[in-house]
Amino acid sequence: MRRVMEASGVYKLTGDSPLDWELDAYTAGLKTVWDRAEALERDLFVQTAGEKALAGWELLYRLQACASGSLEERRGAVIKALSPYSGPASLGVIENLAEACGVKAKAEEAEGKLLLRGEKLLGVTEKEAKRMLEQVLPSHVPWELSLP
């Protein structure tokens, strides 16, 4: 704002006028807002979250936030918790994946195929649930979803 006002030629901003003081106050207030917006943006993502926000993320998966460990280690742990699964894909893991894809289902194996017996859709269409399941289920395992 100061540059625009000076460039107009109408204002002479010397640094010690009431207008200068007002512009300085605007600058200080807007800097505070800008800094808070930047911090909020960082805290929206686990990979860049600060100490306080990371503790909030941790509380989603534990009874208490981690009090020790580096920020990078703590971020890595939360990222793993956010991951659909790691390691062998047990039937329990598959049921969790199905729920993450919008369908409450029981998983079982039959005739070399994974059967997901859906109990209910959780806010998605059957088509959308199948699309998401296609993306997260092990690609080498044939599967079928049945809904009531």
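Quantities reported herein were computed from a predicted structural model and do not represent experimental measurements.

With that settled, consider the pattern of salt bridges. Side-chain pairs of opposite charge can arise whenever the charged atoms involved come near each other. Tallied over the full model, the rule gives 10 salt bridges. Taking the shortest distance from any N to any O, the salt bridge between arginine 2 and aspartate 24 comes out at 2.5 Å. Remark: aspartate 24 occurs in helix 2 (residues 18–43) and arginine 2 occurs in helix 1 (residues 2–8); sequence separation between them is 22 residues. We classify aspartate 24 as partly exposed; its relative accessible area is 40%. With a shortest N-O distance of 2.5 Å, arginine 74 and glutamate 51 are connected by a salt bridge. Taken together, the residues arginine 74 in helix 4 (residues 71–82) and glutamate 51 in helix 3 (residues 51–59) connect sequence positions 23 residues apart. With a relative accessible area of 4%, arginine 74 lands in the buried category. A cluster of three or more residues bridged by salt bridges with shared partners is formed by Arg2, Asp20 and Asp24.

Our next topic: the pairing of strand 3 (residues 143–146). For strand 2 (residues 113–121) and strand 3, the ladder comprises four bridges, and the chain directions are parallel. For leucine 115, the partnering residue across the bridge sits in strand 3 and is glutamate 144.

Backbone geometry places glutamate 111, a non-glycine residue, at a positive phi of 50°. Note that glutamate 111 resides in the loop between strand 1 (103–110) and strand 2. Judged by relative accessible area, glutamate 111 falls into the exposed class, the value being 83%.

Rules of the game
- Residues numbered from 1 in each chain as written.
- Predicted model: local features only at pLDDT ≥ 70, side-chain atom pairs only at ≥ 80, totals over all residues.
- Heavy atoms only, no water.
- Salt bridge = Lys/Arg side-chain N within 4 Å of Asp/Glu carboxyl O.
- Helix = DSSP H or I, 4+ residues; strand = E, 2+ residues; numbered from the N terminus.
- Buried < 20%, exposed > 50% of the residue type's maximum accessible area, 1.4 Å probe, protein only.
- Pairing = 2+ DSSP bridges.

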